[in-house]
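Overview (structure and organization)
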Amino acid sequence: MATGAVARDVVCALRHKIAKIEGRLAERLEDAEEPAVKGMALVPAGRSRALLLGVERLDAALGGGLPAEGLLEIHAAAVRDAGAAVGFALALCRLLPEPDASAPLLWIGTSEIFREAGRPYAPGLAARFGLAPASLLIAEAEKLADVLWIAEEAAGLDAFRAILLEVRGSSPRLDLTATRRLHSRALIAGHPLFLLRAAGEAEPTAAPVRLLVAPAPAGSRITLAGPLAGSIGPPAFHVAISKSRTAIPATFTLEWNDNAFQERRKRPAKDIGAMVPSSAGRPAAEAAPREVVAFQEPQSDTAAGLQPARTQHAARRRAGYAR
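Here the structure is a predicted model, which means the values were calculated and not measured. (Residues numbered from 1 in each chain as written. Predicted model: local features only at pLDDT ≥ 70, side-chain atom pairs only at ≥ 80, totals over all residues. Heavy atoms only, no water.)

1. A closer look at the packing of aromatic side chains
The condition that has to hold: Note on aromatic contacts: the rings of Phe and Tyr and the six-membered ring of Trp form a pair at centre separations within 6.5 Å, being stacked when their planes are under 30 degrees apart, edge-to-face when over 60 apart, and tilted otherwise. In this description a helix means any DSSP run of H or I spanning at least four residues, a strand means any run of E spanning at least two, and both kinds are numbered starting from the N terminus. With a 1.4 Å probe rolled over the protein chains alone, any residue whose accessible area is under 20% of its type maximum counts as buried; one over 50% counts as exposed, and the rest are partly exposed.
One pass over the structure, following the stated rule, counts 6 aromatic pairs. Arranged with centres 5.4 Å apart and planes meeting at 40°, the rings of F88 and F261 form a pair that is tilted. Of the two residues, F88 is situated in helix 4 (residues 82-94) and F261 in strand 13 (residues 261-263); the sequence distance between them amounts to 173 residues. Grouping residues by exposure puts F88 and F261 together as buried.

In C-alpha cells form, the structure reads like this:
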C-alpha cells in the first residue's frame with residue numbers, strides 16, 4: 001500500500017510538471033479514477049464555465065464557447081483597431097454568466113494609452129453595453145512593469161467580474177511566464193482576464209484562445225420600412241480564431257445589437273441585383289430579337305456625291321470569291 005501511494009504521488013507530480021511545461025494547469029488534469037489527481041487541482045472540478053457568444057456557428061467553432069475563467073487574448077493588428085478590440089471585450093463582459101452583475105469591472109492600462117485613446121465614456125458604456133458606470137474601476141500607471149504588477153495582484157482577487165488589461169505592441173515583460181501567472185491566478189479567482197494587445201506580433205502566451213478583432217463596416221439601421229439609407233447601424237466586428245486548442249481557424253463578421261451578437265452573412269448571389277442600371281430607352285433583355293442594320297444603303301448614285309454601291313466595284317472582286 002505504501003509503495004503504491006508513493007508511486008501515485010510521483011506520477012501526479014510528473015503530470016503536474018508536464019502540465020506546467022505545456023502551458024496547462026493542474027486543474028485540467030482531472031481523472032475520476034485517481035482521487036489524488038483531483039486533490040491537486042487548483043480549482044474545483046465543476047467550477048469551469050463557458051462564455052457563449054450566442055452565435056451558433058461561432059460557438060460551435062470554439063468548441064462550446066469561450067472560457068469564462070482565466071486569460072483570454074484579444075489582438076488588434078494595428079493601433080487604430082484598438083477601439084474595436086476594446087468594444088468586443090466589453091461586449092463579452094456583458095455576456096458573462098456571472099450571477100453577481102454588480103461586481104466591479106477593472107480596466108488597467110498605461111497612462112500613454114489613456115492619453116492617446118481617451119478615457120472610457122460612462123454614458124456610452126451604459127447605453128451600448130449595459131455596464132453601470134459605478135461598477136467600472138480604472139487603474140493606470142506610467143510604466144508597463146507597474147501595470148503588469150497591478151494586473152497580477154488583481155487577477156488573484158475574486159471580487160472582480162472581469163479584468164481588462166490593455167497594452168500596446170510587444171514587450172519582453174509580457175512573456176510566456178508572465179502570462180502563465182496571470183492565467184493561473186484568474187483561474188483560481190474564477191473570473192476572466194482579457195488581454196487586449198494592439199499592434200505588435202502575435203507572441204506565445206498562456207492564453208488558451210487568441211482572437212483577432214478588427215472593425216467591420218457598419219450596416220444601415222433597420223426600421224419598420226426596411227434599411228434606412230445613409231444611416232449608421234450597430235457596430236460590427238471581424239473576428240478571427242487565431243489560436244485555440246479545441247477550434248480550427250475561422251473568420252466571422254458579428255454585429256452587436258441590443259446586448260447580443262448577431263452574425264452577418266453575405267447575401268446569396270441570386271439576391272444581388274444589377275450593379276449598373278440599364279441605359280434609358282434600351283429594350284429589355286427578354287424582348288424578341290430584331291434585325292440590326294449598321295449602315296443604310298445609299299439612296300442616290302455617284303452624281304449626288306455619294307460612293308457607289310459595292311456591287312459597282314468589280315475590280316475589288318477576286319476570282320472565285322462570291323457573296
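2. Quick notes on empty space enclosed by the protein
Using a probe with the size of a water molecule, rolled over the atoms, empty space left in the structure can be pinpointed. Keep this limit in mind: For each structure, a 1 Å grid was placed over the protein atoms alone; sets of points admitting a 1.4 Å probe that cannot get out are labelled cavities, open sets with protein on both sides within 12 Å along at least five of seven lines are labelled pockets, and lining residues have an atom within 4 Å of a point. Grid points are joined across faces, edges and corners, and a volume is the space filled by probe spheres set on the points. Three residue categories are used. Nonpolar comprises Ala, Val, Leu, Ile, Met, Phe, Trp, Tyr, Cys and Pro, charged comprises Asp, Glu, Lys and Arg, and polar comprises the others, including Gly.
Applying the stated rule across the entire model yields 2 cavities of 30 Å³ or more. Its volume calculated, the second largest cavity comes out at about 30 Å³. Every residue lining the second largest cavity is listed: A76, A82, A85, V86, E166, R168, L196, R197 and A198. For the lining of the second largest cavity, the secondary structure elements donating two or more residues are helix 4, strand 6 (162-168) and strand 7 (192-198). Among the residues making up the lining of the second largest cavity, the classes are represented as 6 nonpolar, no polar and 3 charged.

3. What to know about the side chain of R161
Let me state the cut-off plainly: Pairs of N or O atoms are called polar contacts if they sit within 3.5 Å, as long as, within protein, a hydrogen donor faces a hydrogen acceptor (for residues adjacent in sequence, only side-chain-to-side-chain pairs).
Topologically, R161 is positioned in the loop between helix 7 (144-155) and strand 6. Within the structure, the side chain of R161 is placed 3.0 Å from the backbone oxygen of C93, a separation counted as a polar contact.

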